[in-house]
Amino acid sequence: MRSQDDCSQLAGNMVLFCRTLRRAGLPVGTGQVIDALNAVAAVGVERRQDFRQALRSVLASDPRHFRLFDQAFHVFFHNQRLLEKMMATLLSGSVPEQAQAEKETLLRRLLEALSPESRENEEELRVEADRTATWSHREVLRQKDFEEMSLAEQSAVKELLREEITLCEKTASRRFRSGSHGSRYDLRRSMHNMMRNNGQLIELSLKRRTERPPVVVLLCDISGSMSHYSRMFLHFAHALGTTGCTVHSFVFGTRLTNISRRMRDPDADRALSCVAADVRDWDGGTRIGESLARFNKDWGRRVLAQNATVVLLSDGLERDPETDLGFQMQRLKTSCRRLIWLNPVLRYAGFEAKAAGIRRMLPHVDLFLPAHNVSSLANLVGVLKSGHGARNTRYSARGAAA
Amino acid sequence: MVDAGGGVSLPQDLDQVQDLLGRGDYIAGRDLATVIYLALRMGRPLLLEGEAGVGKTEIANVLARTLGRDLIRLQCYEGLDLASAAYEWNYPRQMVAIRMAEAEGRAADVGSSIYGRDYLIARPLLRALETHAGGPPVLLIDELDRADEPFEAFLLELLSDFQLSIPELGTVKAAQPPIVIITSNRTREVHDALRRRCLYHWVEYPDFGTETRIVEVKAPGISAELRRQLIGFVQELRKQDLFKRPGIAETLDWANALAHLDAVTLQPGLVDDTLGLLLKYQDDIAKIRGSEAAQLLAQIQVGH
């Protein structure tokens, strides 16, 4: 038998545990906390595996959350001393060596959730390097090491997603489902109703057209000049995939890589590190025309057939005069439903569409978003890294640059 | 090789498969013959992918013809639903039955009878599960990539268990599984769950020898020399960086066109004039027409 003290300590720990999960971004409400306590009461704490499984079944209802849950569980219940050490470390700011090793293996989101007070200090000040002119013919093969996602970024992506969803509106499908405001008669349902009423036809049932979630194809430029934005954009691509849209993601610098499968990993951080390892041309030169040609030839017919919306994230800084960029853009335009171009370069004051590449691409774009969405993408990264964020207003007025 | 059902019995080895296809004027490479043999022996659906015009659909036609089976074809399109793919209740007939029963004063017990087999209209998928005189039919599900994902999900039950669940009636199961051929042009990726239930084969463009035999059989009206030239040209053309490479269907069209034009040898002018039979995109035609075509022709002559 457990003493009263033990029980109340467990309950306290459970509440703290749930609050940490919530801060780390898991949808854990008060109801779940009570469920978790009940689950623990039912399973007991004698066997750690059962205890963990019971908590996980209640608190992590999505495979995306398993990794975070498991780490939090490890910190909280596997090693009580570790938790104390972690808390002390994070609060004091000094990191003893053993704790440092542990810290590296933990997700950034969880670390932040454990130390909400010191979150501001955590953000490193970083000088933004302006590398807009690093286009080159040379193919630079480099590995990319993405930082893990922070809490602030996570909520920023969610925010961004809400706006972006409206860009990719649902399309009417040719499928029907029964519904009271339908346009056609649902004979099968009517017959069922009729049989229920002893053969009396009271009212014909109707069916209406269903809507199909949009198919979105994301093409992300990962050349040197775009290195600030690719990470945020990939997070965005990953989040978009969890909303029910069919998302095909491609990245290109000097070559085109399909990363759709990788992006299906439920955990955003793991998906991005897989992508980082797979793609070989990070932060190198740009061959937009050639990459688009490759996309048109190899993938266009495979992923664009269902009325897809194409979102192209690129600065358009292609200086290869030989390229048939305009022609490839036109082909892309004619084979998709909508071509949206997000161009982060436009956040720089005094931008004009002077670059030859941009001039050749612009006529074929349905929607050119220099200001709002891209600057939120760009600013997001800027704000998180440098700590000041007054850019948005400055560039949102530049919507007419196109 | 005649079985009890009246149809031809299934081939016992790979050579017999090639013979069988050959009798249907279909020249298949060893790899394709292998996968067809396995599909027939293992009773598994066969998913064929490949560029347009490489003869995917024709395989089903030939199998049905040479095995003496019925061919049931389902052409897929977006929004294809149960009512047009599998079954539909015969509502007018049900309605009449109810009214008749009412008139005879036995409306209460009509409920069980109007959801009987008599009132069911079988569409291709359900027909494929029924018993056919010549043995299990060949079910061709053509261009599956044109259908939407909900339809694909619906196919899963049919492809793994060869049965259909009809809520009002129960489960209809095939006494003998049909031979299922599914084709896709890859305008959309077919879902993994469906791929898992099928044998998969990517139908390639044929090599020189295979294509020669195909043209011999399908377009006999041209001379051997012209045949050699035109196939050589098409084979070279497929190596070019084109948006859409010509398939076998295009080769045959071209061969027949050249026969109609009474051509004896390939000349640059003739190639330019008839290039539209091989290439279906203006950019591709513009790229090849003229000097490029002449160069390819010269290459073939040298190769000879």
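Along each chain, the written sequence defines residue order, and numbers are assigned to residues from 1. Labels follow written order: the first chain is A, the first ligand is 1, and so on. Selection of residues for local features in this predicted model requires a pLDDT of at least 70, selection of side-chain atom pairs for listing and counting requires 80 or more, and totals for whole chains, interfaces and linings are taken over all residues.

**Here's the deal with the overall build of chain A**
Then step 1. Scanning chain A for helices and strands turns up 18 helices and 9 strands.
Then step 2. Across chain A, the fraction of contacts at a sequence separation of at least 24, relative to all contacts at a separation of at least 6, is 77%. Here a strand is any run of E in DSSP of at least two residues, a helix any run of H or I of at least four, and the numbering for each starts at the N terminus. A residue pair is marked as a contact if its C-beta atoms, positioned from the backbone, fall within 7 Å.

**Here we look at the confidence of the model for chain B**
Residues and elements named next belong to chain B.
Then step 1. pLDDT: the predictor's confidence for each residue, scored from 0 to 100. The share of residues in chain B with pLDDT of 70 or more is 96%, and the mean pLDDT across the chain is 90.
Then step 2. Highest mean pLDDT in chain B belongs to strand 5 (residues 138–142) (97); lowest belongs to helix 6 (residues 110–113) (75).
Then step 3. The model gives residues 1–6 a pLDDT under 50, and that stretch makes 12 contacts with residues more than four places away or in other chains.
Then step 4. If you check the scores for this complex, the pTM reads 0.75 and the ipTM reads 0.75.

**Here's the deal with the environment of Glu49(B)**
Residue and element names in this part refer to chain B.
Then step 1. Tracing the sequence through the fold places Glu49 in strand 1 (residues 46–50).
Then step 2. C-beta crowding within 10 Å serves as the criterion here: with 19 such atoms nearby, Glu49 is assigned to the partly exposed category.
Then step 3. Sequence separation between Glu49 and Asp142 is 93 residues, and the spatial gap between their C-alpha atoms is 11 Å.
Then step 4. Among residues more than four places away in sequence, those in contact with Glu49 are Ser184, Arg186 and Trp202. Once C-beta atoms are placed from the backbone, each residue is buried if 20 or more other C-beta atoms lie within 10 Å of its own, exposed if 12 or fewer, and partly exposed for counts between those two.

**Quick word on the interface of chain B and chain A**
Then step 1. With 18 residues of chain B at the contact, the number on the chain A side is 14 residues.
Then step 2. Going through the elements one at a time, helix 5 (91–103) and helix 6 of chain B are the ones with two or more residues in the side of chain B that touches chain A.
Then step 3. Sorting elements by how many residues they give to the side of chain B that touches chain A places helix 5 of chain B first, with 4 residues.
Then step 4. Of the residues contributing to the side of chain B that touches chain A, the split by class is 7 nonpolar, 4 polar and 7 charged. Three classes are used, and their members are as follows: Ala, Val, Leu, Ile, Met, Phe, Trp, Tyr, Cys and Pro are nonpolar, Asp, Glu, Lys and Arg are charged, and the others, Gly among them, are polar.

**Some details on the confidence of the model for chain A**
All names here are of chain A.
Then step 1. Across chain A, pLDDT averages 71, with 66% of residues at or above 70.
Then step 2. Counting contacts from residues 371–375, a segment whose pLDDT is below 50, to residues more than four positions away or on other chains yields 20 contacts.
Then step 3. A low-confidence stretch, residues 378–402 (pLDDT under 50), is modelled with 50 contacts involving residues beyond four sequence positions or located in other chains.

**Quick word on the sheet that holds strand 1 (residues 171–178) of chain A**
All names here are of chain A.
Then step 1. The 3 strands are arranged 1-3-2 in an open sheet whose pairing can be described as antiparallel. What marks the edges here is a single partner per strand, and that holds for strand 1 and strand 2 (184–185).
Then step 2. Two strands pair if DSSP finds at least two bridges between them. Of the strand pairs in this sheet, strand 2 and strand 3 (residues 206–212) are connected by 2 bridges, and their pairing is antiparallel. Each bridged residue has a counterpart across the sheet, and for Arg184 the counterpart in strand 3 is Lys207.

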